There are 2 protein chains.
Amino acid sequence: MTAKSQRNWNGDPADLLKASEGFRLADVDPDATPGYPDGKKRGESDLATGADELDELQERLFAQSRVVPGSPAVLLVLQAMDTAGKGGIVRHVVGSVDPQGVALAAFKKPTKEELAHDFLWRIEKRVPDAGIIGVFDRSHYEDVLIGRVRNLAEPAEIERRYGAIVDFEKGLTDRGIRLVKVMLHISADEQKARLRERLDRPDKHWKYNPGDVDERELWPAYMAAYQTAFERTSTPNAPWYVVPADAKWYARLAVQALLLEALEGIDPQWPAADFDVEAEKARLAAT
Amino acid sequence: MTAKSQRNWNGDPADLLKASEGFRLADVDPDATPGYPDGKKRGESDLATGADELDELQERLFAQSRVVPGSPAVLLVLQAMDTAGKGGIVRHVVGSVDPQGVALAAFKKPTKEELAHDFLWRIEKRVPDAGIIGVFDRSHYEDVLIGRVRNLAEPAEIERRYGAIVDFEKGLTDRGIRLVKVMLHISADEQKARLRERLDRPDKHWKYNPGDVDERELWPAYMAAYQTAFERTSTPNAPWYVVPADAKWYARLAVQALLLEALEGIDPQWPAADFDVEAEKARLAAT
């Protein structure tokens, strides 16, 4: 936590939000703003400061990877109930850095071809290259969330997946990919208000899906599936972070803080020239 | 030209910058700011205004495509000599809209697999889907630019490509994809200054490529290849725009204006709900 944008936090966001041993989702208040007591106005100002910091760190990360083989990458995994604000994170947090350094993958309902393969098949293809900040809008966790709630696979297969995910993610972090796994946590009441707004505003109708109401009926089952996912897949190298998201400004600030921390952990450096700088100056001058 | 950001133009950017019949690249001053007499400060302010306009139009374009089959898309094609500012356009113009509605494709030196196919093979795979703003950072035009200058194909094959490009782009515009083909035009002197800056600043070394100096020697041949490309492929449905780019602020403002004009031409509308809004309100209320 050395970034200026983090000076108004009263604790380390990563520590405060991590789903560690004994974590209980039911104990998290979706309307809280853990670690950040100063409210929306200051939060938005710190978000703008953080955007500049993220921008520079991203450029260093990218630059380093152009010259140094095997450079690290970052992968932000976003999971949430509908309307929780994944899109807003992509737009207002990730959207503040150079699009050339970002790879966004939105995972929808699997296609027939995808279903014919292991559930990680389509995921592996979208793992970010060196120097890139990858963002998964939904992910392999769908296969133990909706997969479990809607019985889309046999119980034994669902069970197998937790271990497969842990192994897969271990492989990623071993390769130098920093994982930032985030669940945006909203309350059922807040979701109701947001869905209602989509119905009230004609310019939001396109975002409304009647299926969202059906999923609401399964809210407790989803929360239980998230709880199990945290217990089975929140590891020291790839922990889960649960971010209260009823306050959008807080969720954005917190995810930005987690990304900043990941990048500070990498501490990317401007790479040294792999050519003779003085000789090139002379060549250029001669043109 | 109804956008507020275009109120300080004294002509239609599309008309002023289009490579029409009789266009001569040699007559374009790379340091000029055609149609925009008010200078950098106002230009940057108008760019910020235009970013909001582009943002809303992009969201409408995307929204429409979620509901209306066969919706249009936009494809921005960027070509330029090195250092001309393609990256800055991606970052400061395209980067102002929601990343979820943008698909960026950077075409590097073709791979062995790509070379084994027709030159349009790798291009066709990256044509934007409905509702998306696609951006080509370099494109199929490399195959008649460096391809011609460096004799990377037989003369007859290069000749064939102009017609193939026109046919290909006709197919795109027939499908409702608006093409915005932009050459960012810098002077050889400005390039020299920008390359020198990359050599002077350690945080820019990673952007410097010794090959860029070799390409400088071929400047006149490249300009001739661009001129030929404009003559052979600037069509009424897919015209070329040549944007003076020695002043970065002007180039960004001009490309933004061209994108705004393309989107205004589409005039995307918030789509009507494809469900019964009142029935959904009742269902939601019951949860």
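Rules and cut-offs
Residues numbered from 1 in each chain as written. Chains lettered and ligands numbered in written order. Predicted model: local features only at pLDDT ≥ 70, side-chain atom pairs only at ≥ 80, totals over all residues. Heavy atoms only, no water. Helix = DSSP H or I, 4+ residues; strand = E, 2+ residues; numbered from the N terminus. Rg over C-alpha atoms; globule rule 2.2 N^0.38 Å. Buried < 20%, exposed > 50% of the residue type's maximum accessible area, 1.4 Å probe, protein only. Contact = heavy atoms within 4.5 Å. Least-squares fit on C-alpha atoms with pLDDT ≥ 70 in both. Buried area = accessible area lost by both parts, 1.4 Å probe. Polar contact = N/O pair within 3.5 Å; in protein donor to acceptor, adjacent residues only side chain to side chain. Expected span 1.5 Å × (residues − 1). Arc of directions from axis to C-beta. Phe/Tyr/Trp six-rings, centres within 6.5 Å; stacked < 30°, edge-to-face > 60°. Pairing = 2+ DSSP bridges. Axes fitted to C-alpha atoms, helices over the stretch in contact; angles between N-to-C directions.

J.: Got a sec to walk through the overall build of chain A? Specific residues and values, please.
T.: The secondary structure content of chain A amounts to 12 helices and 5 strands. Here the C-alpha atoms of chain A give a radius of gyration of 20 Å, agreeing with the 19 Å that 2.2 N^0.38 yields for 287 residues. Summarising its shape, the C-alpha atoms of chain A cover approximately 70 × 45 × 40 Å along the three principal directions. Counting across all 287 residues of chain A, residues that qualify as buried make up 54%. When contacts within chain A are restricted to residue pairs at least 6 apart in sequence, long-range pairs at least 24 apart make up 81% of them.

J.: Which residues make up the relation of the copies chain B and chain A, and what are the values?
T.: Mapping chain B onto chain A is achieved by rotating through 180° and translating by 0.0 Å along the same axis, at an RMSD of 0.0 Å. Both copies of the chain, as the preceding transformation shows, are related through a two-fold rotation axis. Interface overlap between copies is the fraction of interface residues in one copy that are interface residues in the other; for chain B against chain A it reaches 100%, indicating a shared surface.

J.: Could you give me a rundown of the interface of chain B and chain A, with the residues and numbers involved?
T.: In this complex, chain B contributes 42 residues to the contact, which on the side of chain A involves 42 residues. Taking both partners together, chain B and chain A bury about 4000 Å²; carbon and sulfur atoms supply 62% of that area. Applying the counting criterion to the chain B and chain A interface returns 16 residue pairs in polar contact (both at pLDDT 80 or more). At the level of elements, helix 2 (39-67), helix 3 (86-92), helix 8 (188-200), helix 9 (211-216) and helix 12 (277-285) of chain B are the ones that each hand at least two residues to the side of chain B that touches chain A.

J.: So what's going on with the side chain of Q6 of chain B? Which residues, and what values?
T.: Residue and element names in this part refer to chain B. Mapping Q6 onto the fold places it in the segment before helix 1 (13-17). Given the relative accessible area of 4%, Q6 is considered buried. Within the structure, the side chain of Q6 is placed 3.3 Å from the backbone oxygen of A257, a separation counted as a polar contact.

J.: Please provide a residue-by-residue account of helix 8 (residues 188-200) of chain A, values included.
T.: The terminal C-alpha atoms of helix 8 of chain A, which comprises 13 residues, lie 18 Å apart, in line with the 18 Å expected from a rise of 1.5 Å per residue. Taken together, the buried positions of helix 8 of chain A are occupied by Q191, R194, L195, R198 and L199 of chain A. On an axial view of helix 8 of chain A, the arc spanned by its buried residues comes to 145°, and they lie on one face. Where helix 8 of chain A is buried, its residues contact helix 9 (211-216), helix 10 (219-233) and helix 11 (248-266) of chain A together with helix 12 of chain B.

J.: With reference to specific residues and values, describe the packing of aromatic side chains.
T.: The final tally for this structure, using the stated rule, is 22 aromatic pairs over all chains. When the ring of W206 of chain A is compared with that of F62 of chain B, the centres are 5.7 Å apart and the planes differ by 75°; the resulting orientation is edge-to-face. Of this pair, W206 of chain A sits in the loop between helix 8 and helix 9 while F62 of chain B is found in helix 2, placing the two residues in two different chains. The exposure class of F62 of chain B is buried, given its relative accessible area of 16%.

J.: Hey, could you go over the pairing of strand 1 (residues 73-80) of chain A for me, with residue numbers and the actual values?
T.: Each regular strand carries side chains that alternate between the two faces of the sheet. All names here are of chain A. Within strand 1, 8 of the 8 residues are buried, which leaves the element mostly enclosed by the surrounding structure. Residues of strand 1 alternate between two faces, with A73, L75, V77 and Q79 on one and V74, L76, L78 and A80 on the opposite face, all of them buried. As paired strands, strand 1 and strand 4 (residues 177-185) are joined by 8 bridges and run parallel to one another. Pairing of A80 across the sheet is with L184, part of strand 4. Pairing of strand 1 with strand 3 (residues 133-137), which is carried by 5 bridges, proceeds in the parallel orientation. Bridge pairing links L76 to V135 in strand 3.

J.: Give a detailed account of the sheet that holds strand 3 of chain A, specifying residues and quantitative values.
T.: Residue and element names in this part refer to chain A. Here we have 5 strands laid out as an open sheet, ordered 2-3-1-4-5, and parallel in their pairing. Two strands bound the open sheet, and with one partner strand each, they are strand 2 (102-106) and strand 5 (240-244). On average, each strand axis in the sheet is inclined to that of its neighbour by 20°, with strand direction left out of account. Pairing between strand 4 and strand 5: 5 bridges, direction parallel. Bridge pairing in strand 5 places H185 opposite P244. Along the sheet, helix 7 (residues 155-174) makes contact with strand 1 and strand 4, crossing strand 4 at roughly 130°. Its contacts with the sheet put helix 11 on strand 1, strand 3, strand 4 and strand 5, and the angle it makes with strand 4 is roughly 170°.

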